[in-house]
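Residue strings, one per chain:
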Amino acid sequence: MPTFSIENFGCRATDADAAALRRSLIAGGLDCLDDHAQADFVVLNSCTVTAAADAQAREAVRKIHRLNPGARIVVTGCYAQRAPEEIADLDGVAWVVGNSQQTQIPGLLREFRTDPGAASDFVPLARLDDDAMSLARGPAKILTGDIFAQTAVQVAPESGIKGSRTRPILKIQDGCNNRCSYCVIPFVRGRSRSLTPDVVVDEVGKLVAAGVKEIVLSGINLGSYGRDFSPRVALVDVVRRILDETALEQLRFSSVEPQDVTEDFIALVASSERLAQHFHIPLQSGSAKILKAMHRWYRPALYAERVQQIRCALPDAAIGADVIAGFPGESDVEFRETYEFIDSLPLAYLHVFSFSARPGTKAAGLDPTTLVAAPVIRDRARALRELSRRKAFEFRVSQAGRTMRAITLARGGPDWTEALTGNYLKVRIPGRHAANLWFDAKVEVDVTVETVAEEGTAVSFQE
């Protein structure tokens with residue numbers, strides 16, 4: 001049986017795409033391997049949110065080609081959609097397939113297996129900007145097209161869901177209608193579009209029937225779910241249907257923008273023990289001036305208000321944030337505003353990004369004199385990560401002594417198993433256990449991660 005391996009880079013949405021692609025390839029008759037060195041086909045699902053993400057994908061191609069020169073490498077995802085010819089030049093790449101054509105990958109590999117010469121029939125389609133695409137100089141074939149022609153979120157077959165990740169990601173929304181000045185994602189994902197509520201509920205039901213106990217709802221801009229329907233459907237409406245019409249034991253949300261964390265949304269999460277008390281709310285900056293330059297739709301006061309509303313309704317909820325260090329024009333004053341603003345909030349963790357100019361975005365065309373020097377960006381990112389570690393520790397300490405439900409994951413050690421609580425604490429359950437099991441864990445904080453917990457307790461830790 002032909003074999004494939006797959007590696008994902010980027011956010012939960014790309015993770016969901018990779019999982020869907022994996023299931024489609026398995027349904028198409030390929031055997032999935034964990035080892036790139038042994039696979040006939042290697043699929044890399046790329047990210048392009050930063051220059052570092054691009055570099056990571058290129059390095060992965062080079063490494064896999066060295067380890068397995070005979071493998072046919074398929075690069076797909078956001079980087080493939082944005083810069084297909086750049087990837088096609090890399091040795092070892094057989095096909096570059098954009099997000100716009102990702103669902104064709106199973107058929108592409110099937111055709112190659114039955115007729116290896118068929119791959120030579122591929123011709124490039126139109127670039128995103130509608131200019132003609134020139135042939136790649138390398139041997140790779142390019143298959144991409146207009147991402148804005150996408151009208152639906154693709155749903156993968158359920159074949160192969162058993163034995164996959166413990167907490168599958170269900171992507172119910174794709175694309176984004178916002179135009180943040182630093183973000184290339186709308187140009188590689190297209191306009192916002194949603195799965196219909198009936199399809200969402202049906203997919204959740206299938207996952208539950210397959211034995212899944214927790215699902216993570218995701219999207220590129222999850223809070224905009226249902227705005228493309230007429231009449232509109234709100235995210236809270238489809239969540240209520242999931243709770244009413246399925247037996248799912250726990251539902252978790254991926255990132256939701258501050259303006260979409262409404263009182264109704266917070267009240268819904270607080271109303272059901274089946275909804276994880278975990279909010280990830282992108283911040284990006286604590287400076288009103290920088291938020292305006294970023295074309296974000298809120299200011300620090302609104303963000304703080306939403307965080308406090310969550311804390312009042314759900315005192316033990318985990319609240320995380322994204323933040324960008326070194327956006328053009330960010331002086332020491334604006335950075336200090338961001339640092340102190342974050343420090344004042346009851347956040348549990350941060351995802352810190354160093355600013356990276358993305359081709360085609362407004363931020364990439366800003367006055368060069370506004371750019372922040374690379375060493376300064378590194379220092380600011382380092383300071384924010386240290387702040388994140390302190391915030392994470394403070395949150396863990398605040399949870400010490402509580403007993404809460406945690407679901408076991410696939411990772412563990414000789415005498416412990418990693419598990420995750422509803423409020424996003426990673427804990428170590430004593431003993432080796434299968435994944436996808438619930439435990440009532442009494443949380444103890446161990447900053448050294450060396451102490452073994454007593455029977456019936458769990459030790460929280462930080463990666």
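Rules of the game
Residues numbered from 1 in each chain as written. Predicted model: local features only at pLDDT ≥ 70, side-chain atom pairs only at ≥ 80, totals over all residues. Heavy atoms only, no water. Helix = DSSP H or I, 4+ residues; strand = E, 2+ residues; numbered from the N terminus. Buried < 20%, exposed > 50% of the residue type's maximum accessible area, 1.4 Å probe, protein only. Contact = heavy atoms within 4.5 Å. Areas by Shrake-Rupley, 256 points an atom, 1.4 Å probe, with all protein chains shown as cover. Pairing = 2+ DSSP bridges. Axes fitted to C-alpha atoms, helices over the stretch in contact; angles between N-to-C directions. Parallel < 35°, antiparallel > 145°, perpendicular 65-115°, else oblique. Left-handed = near helix turned anticlockwise from the far one by under 90°. Nonpolar A, V, L, I, M, F, W, Y, C, P; charged D, E, K, R; others polar. Salt bridge = Lys/Arg side-chain N within 4 Å of Asp/Glu carboxyl O. Core = buried A, V, L, I, M, F, W, Y, C linked by side-chain atoms within 4.5 Å. Phe/Tyr/Trp six-rings, centres within 6.5 Å; stacked < 30°, edge-to-face > 60°. Lys NZ or Arg CZ within 6 Å of the ring centre and 35° of its normal. Expected span 1.5 Å × (residues − 1).

Caption draft 1: Layout of the overall build of the protein chain. Looking only at helices and strands, one finds 13 helices and 18 strands in the protein chain. Every one of the 463 residues in the protein chain was classed for burial, and the buried ones make up 54%. Summarising the internal contacts of the protein chain: among those between residues at least 6 apart in sequence, 71% fall at separations of at least 24. Only carbon and sulfur atoms are counted for the fraction: they give 51% of the accessible area of the protein chain, which is about 19,900 Å².

Caption draft 2: Just the sheet that holds strand S11 (residues 278-280), in detail. On the basis of which strands lie adjacent, the open sheet formed by three strands has the order S11-S12-S13 and parallel pairing. Each edge of the sheet is formed by a strand with only one pairing partner; in this case those strands are S11 and strand S13 (349-354). The mean angle between the axes of side-by-side strands here comes to 15 degrees, regardless of whether they run parallel or antiparallel. Pairing of strand S12 (residues 318-325) with S13, which is carried by six bridges, proceeds in the parallel orientation. When the sheet's bridge partners are listed, Ala325 is paired in S13 with Ser354. Of the strands in this sheet, S12 and S13 are in contact with helix H13 (residues 374-399), which crosses S13 at around 170 degrees.

Caption draft 3: Quick peek at the packing of helix H9 (residues 263-271) against helix H11 (residues 300-313). One can describe the packing of H9 onto H11 by two numbers: an axis separation of 10 Å at closest approach and a directional angle of 25 degrees. In terms of their interaxial angle, H9 and H11 are classed as roughly parallel. Along this stretch, H9 crosses H11, giving a crossing that reads as right-handed. Seen from H9, the contacting residues are Glu263, Ile266 and Ala270; seen from H11, they are Arg306, Gln309, Ile310 and Ala313. Tallied by class, the residues present in the contact of H9 with H11 amount to four nonpolar, one polar and two charged.

Caption draft 4: Structural context of the pattern of salt bridges. The full count for this structure, using the stated rule, is 28 salt bridges. Arg189 is the salt-bridge partner of Asp17, the closest N and O atoms lying 2.7 Å from each other. Placement of Asp17 in helix H1 (residues 12-27) and of Arg189 in helix H6 (residues 185-189) is noted, with a sequence separation of 172 residues between them. By relative accessible area, which is 3% here, Arg189 ends up buried.

Caption draft 5: The sheet that holds strand S1 (residues 3-8), seen in detail. Pairing in this open sheet of six strands is parallel, and the strands run S2-S1-S3-S4-S5-S6 from one edge to the other. Two strands bound the open sheet, and with one partner strand each, they are strand S2 (31-32) and strand S6 (141-143). The sheet contact formed by strand S5 (residues 93-98) and S6 spans three bridges and is parallel. When the bridges of S6 are listed, Trp95 appears paired with Lys141. On the sheet, H1 packs against S1, S2, strand S3 (41-46) and strand S4 (72-77) and is oriented at approximately 175 degrees with respect to S1. Packing of helix H2 (residues 51-67) onto the sheet brings it into contact with S3, S4 and S5, and relative to S3 it is tilted by some 170 degrees.

Caption draft 6: Summary view of the nonpolar core. The biggest cluster of nonpolar side chains holds 68 residues, and the ones touching the most others in it are Ile172, Val239 and Tyr303. Of the residues forming this core, the biggest block, six residues, is contributed by helix H8 (residues 235-245). If we ignore the near neighbours within four places in the chain, the residues touching Val239 are Leu217, Leu251, Phe253, Leu268 and Leu275. Counting 23 residues, the second largest nonpolar core, distinct from the first, contains Val42, Ala53, Val61 and Tyr79.

Caption draft 7: A look at the packing of aromatic side chains. For the structure on display, the rule yields 12 aromatic pairs. For the pair Tyr298 and Tyr303, a centre-to-centre distance of 6.3 Å together with 40 degrees between the ring planes defines the contact as tilted. Here the two residues Tyr298 and Tyr303 agree in accessibility, since each one is buried. Here the aromatic residues Phe41, Trp95 and Phe112 are joined through ring pairs into a cluster of three or more. Taking the ring centre of Phe187 as reference, the NZ or CZ of Arg179 above it sits at 5.3 Å. One Lys or Arg, Arg428, reaches over the ring of Trp416 and ends 4.0 Å from the middle of that ring.

Caption draft 8: Spatial organisation of the side chain of Ser224. Note that Ser224 resides in the loop between strand S9 (214-219) and H8. Setting aside residues up to four positions removed in sequence, Ser224 forms contacts with Gln173, Ser192, Ser194 and Asp260.

Caption draft 9: View of H13. With 26 residues, H13 should reach 38 Å at 1.5 Å per residue; the first-to-last C-alpha distance of 38 Å fits that figure. The complete set of buried residues in H13 reads Ile377, Arg380, Ala381, Leu384, Leu387, Ser388, Lys391, Ala392, Phe395, Arg396 and Gln399.

Caption draft 10: Layout of the packing of H8 against H9. Relative to each other, H8 and H9 sit at 15 degrees, their axes nearing to 10 Å. For the element pair H8 / H9, the angle class is roughly parallel. Two packed elements cross with a definite hand, and for H8 against H9 that hand is left-handed. In contact with Leu235, Val236, Val239, Arg240 and Leu243 of H8, H9 contributes Asp264, Phe265 and Leu268. Of the residues that constitute the contact of H8 with H9, the class distribution is six nonpolar, no polar and two charged.

Caption draft 11: Spatial organisation of the pairing of strand S14 (residues 403-413). Bridge count for S14 against strand S17 (residues 438-445) is five bridges, and the pairing is antiparallel. Within S17, the position partnered with Met404 by the bridge is Ala441. Across five bridges, the pairing between S14 and strand S15 (residues 416-421) is antiparallel. Of the residues in S15, the one forming a bridge with Gly413 is Trp416. Hairpin connection of S14 to S15: two residues between the antiparallel strands.

Without other data, these values stay purely geometric and don't point to any function.
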